[in-house]
Each structure stands twice: as structure tokens, then as C-alpha cells.
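Working through the structure, step by step
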Amino acid sequence: RMAAAPPSYCFVAFPPCSKEGLVVFGKNSARPRDEVQEVVYFAAAEHEPGSKVECTYIEIEQVPRTHAVVLSRPSWLWGAEMGANEHGVCVANEAVVTREPASESEALLGMDLVRLGLERGATAKEALDVIVALLEEHGQGGNYYEDGSSCHTFQSAFLIVDRNEAWILETSGKYWAAEKITEGVKCICNQLSLTTKIDAEHPELRNYVKSQGWWNGDSDFNFSEVFSLADDHLACCSGRESLEKQGGDVSAQAMIDVLRDKDSGVCVDSESFLTTASIVSVLPQDPSFPCIHYFTGTPDPSRSIFKPFIFVDDVKLVPKVQSPSFGNDDPAKKIPRFQEKPDRRHELYKAHEWARSLLENDQDKGQKLMRIMLDLEKQGLEAMEDILSRTEILDPAEVVDLFYDCVDTELKFFK
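Residues numbered from 1 in each chain as written. Predicted model: local features only at pLDDT ≥ 70, side-chain atom pairs only at ≥ 80, totals over all residues. Heavy atoms only, no water.

**Re the nonpolar core**
Side chains that are nonpolar tend, in soluble globular proteins, to be buried together. Ranked by internal contacts, the top residues of the largest apolar core, which has 89 residues, are Phe11, Leu159, Val161, Phe223, Val280, Tyr294 and Ile310. Setting aside residues no more than four positions away along its own chain, phenylalanine 223 makes contact with Glu170, Trp176, Ala177, Leu192, Leu194, Thr195, Ile198 and Leu205. Listed in part, the 47 residues of the second largest apolar core include Val40, Leu113, Ala124 and Leu135. (Core = buried A, V, L, I, M, F, W, Y, C linked by side-chain atoms within 4.5 Å. Buried < 20%, exposed > 50% of the residue type's maximum accessible area, 1.4 Å probe, protein only. Contact = heavy atoms within 4.5 Å.)

**Looking at the pairing of strand S12 (residues 166-172)**
Counting buried positions over the seven residues of S12 gives seven, a clear majority of the element. Here S12 shows a buried face lined by Ala166, Ile168, Glu170 and Ser172 and a second buried face lined by Trp167, Leu169 and Thr171. As paired strands, strand S11 (residues 155-161) and S12 are joined by five bridges and run antiparallel to one another. In the sheet register, leucine 159 faces S12, and the bridge partner there is isoleucine 168. (Helix = DSSP H or I, 4+ residues; strand = E, 2+ residues; numbered from the N terminus. Pairing = 2+ DSSP bridges.)

**Description of unusual backbone geometry**
Note that the residue after proline 15, namely proline 16, is joined by a cis bond; omega there is 5°. Cis geometry is found at the peptide bond from isoleucine 335 to proline 336, where omega equals -10°. Along the polypeptide, proline 336 turns up in the loop between strand S18 (307-309) and helix H7 (347-361). At aspartate 314, a residue that is not glycine, the phi angle is positive and equals roughly 60°. A positive phi angle, near 60°, is found at phenylalanine 338, a position not held by glycine.

**Things to note about the packing of aromatic side chains**
Under the counting rule described, the total for this entry stands at 15 aromatic pairs. When the ring of tryptophan 354 is compared with that of phenylalanine 414, the centres are 6.5 Å apart and the planes differ by 70°; the resulting orientation is edge-to-face. You can see tryptophan 354 sitting in helix H7 and its partner phenylalanine 414 sitting in helix H10 (residues 402-414), a full 60 residues away along the chain. Judged by relative accessible area, tryptophan 354 falls into the partly exposed class, the value being 43%. Taken together, the ring pairs in this structure connect Tyr41, Phe295, Phe309, Phe311 and Phe403 into an aromatic cluster. The aromatic ring of phenylalanine 42 is capped on one face by arginine 115, whose charged end is 4.1 Å from the ring centroid. One Lys or Arg, lysine 316, reaches over the ring of tyrosine 404 and ends 3.9 Å from the middle of that ring. (Phe/Tyr/Trp six-rings, centres within 6.5 Å; stacked < 30°, edge-to-face > 60°. Lys NZ or Arg CZ within 6 Å of the ring centre and 35° of its normal.)

Rendered as C-alpha cells:
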């Protein structure tokens, strides 16, 4: 039996379930407990014809222009667990296990495809088209963890969202199917969820599964039933109910509350896995308003705060949530890989470790600190609500230091 996939959760809420005129996206990234996640920004860029891009394990053709992106990613790899681009596209991925073993040979990781979709797609559908074309050309495979002793491989599922629609994309090798969503609440986790409502698929998908003897062609084609191991496709989403309970009022705060919920299992804190980072994005359907992306940059959202980021030109970089770079000396880049594990903790992560030990050892002090932190978060959320309720256009100068200042203030409280 293959190792279980880490139980991450991704959500999207559309009107009428979300606050008026907003699409709300969220993800908890469950990863190995000690893995550090960083938050990084890459500006839009032009690239010379014929240039290449070095992904986690393989090099592929670069495109003439890449969009600006902000990513939350395990700091040893090139891609991302989740992120957004300047056009209001958000992508998150899930590791899934299907009846086809995932390839150990190094190709694109699901996490590389998140970043490639964001860098190359100006809408959710464009990002989907980018991801499936790259799957066809390069395949997916390679170790999902920074682990020199064994290779952990998975297939990928994606939640791809923009201001108008979302796509759930599920893959097995190069084969895939996708469903389009434009209303209500949707949750995906580390199991296949697509059934008979399929809005796009690999042209050879049905012939392939027939040739494998997995589907006879007579019954309705149900993607999860065809590709899941025995009884794996259960209704996975405990978090979906808590979002639906919000009625028509899913806001950034409601999404944050769902991501913090340990009782439902959405906030993972187990022997092997931890929610190592979280994201919430608010995408106004009216394009004259900016999209707002909240990142924790630290583990366990119930002990972290969500800090806002808005795309503007010359946005200030935030080295304090970036892990140290080891260049070509990085054990993740040398073959054989992962022979040692360098210290990848960034400044905010270290400060957070200190705060966590305080929460565990001195409850009064710890809770007081947590209250101050949540108050800071609330101020940020209220300031963002104000931006979304204004009639005048946002002045970029007002938010160019936004994420930087929030991280800085958080660090000052820890000091």
C-alpha cells in the first residue's frame, strides 16, 4: 500500500455562499512536520527566445513572458504548494493516490505545475490548459519530500480559481479530467473527487481506461470510481459543512476560521504531518477592485496570523519570510539528492518557534501574546475590507509595503 498522501484541504466559495460579489479561496498545506515553508514573490519578466527554466528536478522551455506571482512553498523546491498571480488567478495542489503508482523518475512535481500555471495563465482556464499541456509533454514524477532515504511519489489534483470561475483538475500520470465551478462551495482534499460531471478531459482518457480494463464503456464514466483504489473515494470534506453553515456569508474571516479548525481535521497536527502554511484569497468579481491574498508563512494556522498581500508594481520584498538560499550547494540540487538537510528556517519561522514554546510552557503569557496577534490580524482584515468597500481606485503607494509591514509588526511583537 502506498504511503498515505498528506491530508491538505483546499476550498473555494462563490456567491451566493460567499459575501456579496466575492470569490473566497483557501488552503491548508499539510506537509512533513519539520518542513519549512517560505513566502516568495517573483516579478513579471520577459525571457529571451530559446531560454530554459530550471524546475525542481528538470529543465523545460521558458515562455516569452511570465506573470508576477506570490507563492507559499516548501523552501527546498522550485514550485509551490499554493499561490496567486497578478491577474487574480489562485492555484493550490493536492497530492493524491490513484490506482496507478506515481512515477519515481524525476519529472515535473505537482508543485512545479502550480507555479507554472500561475506564471503562464492569466485566467483559471488558461492556467489549466498550461498545466495539462506540460503534463502531456513532460509527465509528473519525483520525490515529493526532502528525504534522502526513500522516494515518496504522488499524482496531483489542483484547485484553480479566478474572479469568475474555478476548475477542479485531477490527474493520474498524463491523463486528467476537470470540472468547472461557478457557484456554491467546493472543497478538495487528498482524494479524487470528480465523478460524472466532467467539463474537460484528456482526449484519450476513455480509450485509455477501457484498454486497462477499468471501465467497460457501458456504465456512466465516473472518474473517481475508475481511478481510485478500492474504497478510497469517500466524501472527504469535513470543512465544507462548516463553510456552508456560514450561509451566504463566507468572508476572509470565515475561511480563516475553517482553516484553524482542528476538530474537523482541516487543520492537521498529527505525528507525521502538520499544516506548515496557509493561504486565504479574496477575489472581487468586479475587476476594478484588487484581489487580496493572506499568507501565514508559519506552521499551524491556529497559532499563526494571516497577513495581507496585494499585487502592485515594485511591491516591497520580504526577506524575513524567505529561507536562506544555498545556491548550487543545496543538497536538493546535488545528485544523489537530499544527502543532508540544511537549516532552512527563515526569521519569522524562528520567532514563531519561540512563541510556540511560550504557548506550551507559559499558558498565561502565551494566550496574551496570541490575543495581541489576533488583534493585529483583525486590524489587517478590517483595513482590507475598507479597501474593498471604497469607491475610489486604490493608490498603489498605500499597499506597496503592506505584507512587509505586517511581517515586521508580527516580528516586533515576538521580540
